[in-house]
Amino acid sequence: MVGNNIPPEYLPAIQKGFNDAVQIGALAGHPVQDVKFVLTDGDSHPVDSSELAFRTATRNAFMNAFKQADPQLMEPIMTVEVDIPQEFQGAVIGGLTRRRAMIQETRSVGDGFVTVQCQVPLAEMFGYATDLRSLTEGKGEFSMEYSEHKRVLPQDQERIVKEYQAKREQELANKK
């Protein structure tokens, strides 16, 4: 901190306000990552200053600045490996593509089987085991593991944020 206008006893409250803000985020209620908080100075008042006031002011300041910074929602991307009989390769790759998969490699592993490696958003993988069984007459299997986080598509981010805001408004209305 550059200035000395904030009494030191309020610094923990400021830290708590920042931590509160990054835990709930400003877009869709998800934690915020990779942000830095720099307190340069502030002011206090002998009557109006309190821990709660500094905590609330910090949280509100973060939320306002965060919304102006063009924040992006991130989604987990999974590395998926699918082992299938060769006769079902086209249908399985088509099904993966509909789930926004990026096919990285297909290779023949002998005995008429093919392995497909791809990356798929985790949100698209729910229900995949059932779909794979249906497409391959129960002969296909898959494994997946976490790979990385990538930005959510802009149209999906807009939908997620609108849904979150509607949910929050409903919760506030129910409290009244």
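Scroll up for the structure.
Remember, it's a predicted structure, so these values are computed and weren't measured experimentally. (Residues numbered from 1 in each chain as written. Predicted model: local features only at pLDDT ≥ 70, side-chain atom pairs only at ≥ 80, totals over all residues. Heavy atoms only, no water.)

As for the overall build of the protein
Operational definition: Note on conventions: DSSP H or I runs of at least 4 residues are helices, E runs of at least 2 residues are strands, and numbering of each starts at the N terminus. Throughout, radius of gyration means the C-alpha value; the globule benchmark is 2.2 Å times the number of residues raised to the power 0.38. Categorising residues by exposure relies on relative accessible area from a 1.4 Å probe, with only protein chains included: less than 20% of the type maximum marks a residue as buried, more than 50% marks it as exposed, and the intermediate range marks it as partly exposed. Note on contacts: a residue pair is in contact if any heavy atoms of the two residues lie within 4.5 Å. Note that accessible areas follow from Shrake-Rupley with a 1.4 Å probe, and for residues the cover is restricted to the protein chains shown. Note on charges: Lys and Arg go in the positive column, Asp and Glu in the negative column, and His and the chain ends are not counted at all. Note that the charge is assigned to NZ on lysines, CZ on arginines, CG on aspartates and CD on glutamates.
Within the protein one finds five helices and four strands. The C-alpha radius of gyration of the protein comes to 24 Å, more than 25% above the 16 Å expected for a compact globule of 176 residues. Dimensions along the principal axes, computed over C-alpha positions, put the protein at roughly 80 × 40 × 20 Å. Among the 176 residues that make up the protein, the fraction classed as buried is 29%. When contacts within the protein are restricted to residue pairs at least 6 apart in sequence, long-range pairs at least 24 apart make up 73% of them. Counting every atom, the protein has about 11600 Å² of accessible surface; 50% of that belongs to carbon and sulfur. Charge separation in the protein, taken as the distance between the mean sites of 19 positive and 25 negative side-chain charges, equals 5 Å.

Thoughts on the environment of Gly17
Inspection of the secondary structure assignment puts Gly17 in helix H1 (residues 11–24). Taking relative accessible area as the criterion, Gly17 reaches 0% and is therefore assigned buried. Setting aside anything within four residues of it in sequence, one finds Gly17 in contact with Arg55, Thr58 and Arg59.

A closer look at the packing of helix H3 (residues 89–98) against helix H4 (residues 128–135)
Put simply, the rule is: Between the N-to-C directions of two axes lies an angle of 0 to 180 degrees, each axis being a line fitted to C-alpha atoms and, for a helix, fitted only over the stretch in contact. Put simply, angles under 35 degrees are roughly parallel, angles over 145 are roughly antiparallel, angles from 65 to 115 are roughly perpendicular, and the rest are oblique. We call a crossing left-handed when the near helix sits turned anticlockwise from the far one by less than a right angle, and right-handed when that turn is clockwise. Residue classes follow a fixed rule: Ala, Val, Leu, Ile, Met, Phe, Trp, Tyr, Cys and Pro count as nonpolar, while Asp, Glu, Lys and Arg count as charged, and any other residue, Gly among them, counts as polar.
Close contact between H3 and H4 brings their axes to 10 Å; oriented N to C, the two are set at 155 degrees. As far as their axial angle goes, H4 and H3 are roughly antiparallel. In terms of crossing hand, the pair formed by H3 and H4 is right-handed. Between H3 and H4, the residues in contact are Ala91, Val92 and Leu96 and Tyr128, Leu132 and Leu135, respectively. Its residues assigned to classes, the contact of H3 with H4 comprises six nonpolar, no polar and no charged.

Concerning the sheet that holds strand E1 (residues 74–85)
Rules: Think of it this way: DSSP has to see at least two bridges between two strands before they count as a pair.
The strand order across the open sheet built from four strands is E2-E3-E1-E4, with neighbouring strands paired in antiparallel fashion. The sheet is open, and its two edges are formed by strand E2 (102–110) and strand E4 (141–151), each paired on a single side. With direction set aside, neighbouring strand axes in the sheet form an average angle of 20 degrees. Of the strand pairs in this sheet, E1 and strand E3 (residues 113–121) are connected by nine bridges, and their pairing is antiparallel. Across the sheet, residue Glu81 finds its bridge partner in E3, namely Gln117. Where H3 meets the sheet, it contacts E1, E2 and E3, and its direction lies at approximately 175 degrees from that of E1. Across the sheet, H4 is in contact with E1 and E4; its angle to E4 comes to roughly 135 degrees.

Regarding the packing of aromatic side chains
Keep this limit in mind: Two aromatic rings from Phe, Tyr or Trp, using only the six-membered ring of Trp, form a pair when their centres are within 6.5 Å; if the ring planes differ by under 30 degrees the pair is stacked, by over 60 it is edge-to-face, and anything between is tilted.
Per the stated rule, a full pass over the model turns up four aromatic pairs. Residues Phe18 and Phe37 carry aromatic rings whose centres are separated by 4.8 Å and whose planes lie at 20 degrees to one another, so their mutual orientation is stacked. Within this pair, whereas Phe18 is found in helix H1, its partner Phe37 is found in the loop between H1 and helix H2 (51–68), the two being separated by 19 residues in sequence. Exposure remark for Phe18: the relative accessible area of 10% places this residue in the buried category. Judged by centre distance (5.6 Å) and plane angle (90 degrees), the rings of Phe18 and Phe62 are edge-to-face. Here Phe18 is found in helix H1, whereas its partner Phe62 is found in helix H2, with 44 residues between them in sequence. Of the residues examined, Phe62 reaches a relative accessible area of 11% and is grouped as buried. In this structure an aromatic cluster arises from ring pairing among Phe18, Phe37, Phe62 and Phe66.

Purely spatial values, then, with no claim about function.
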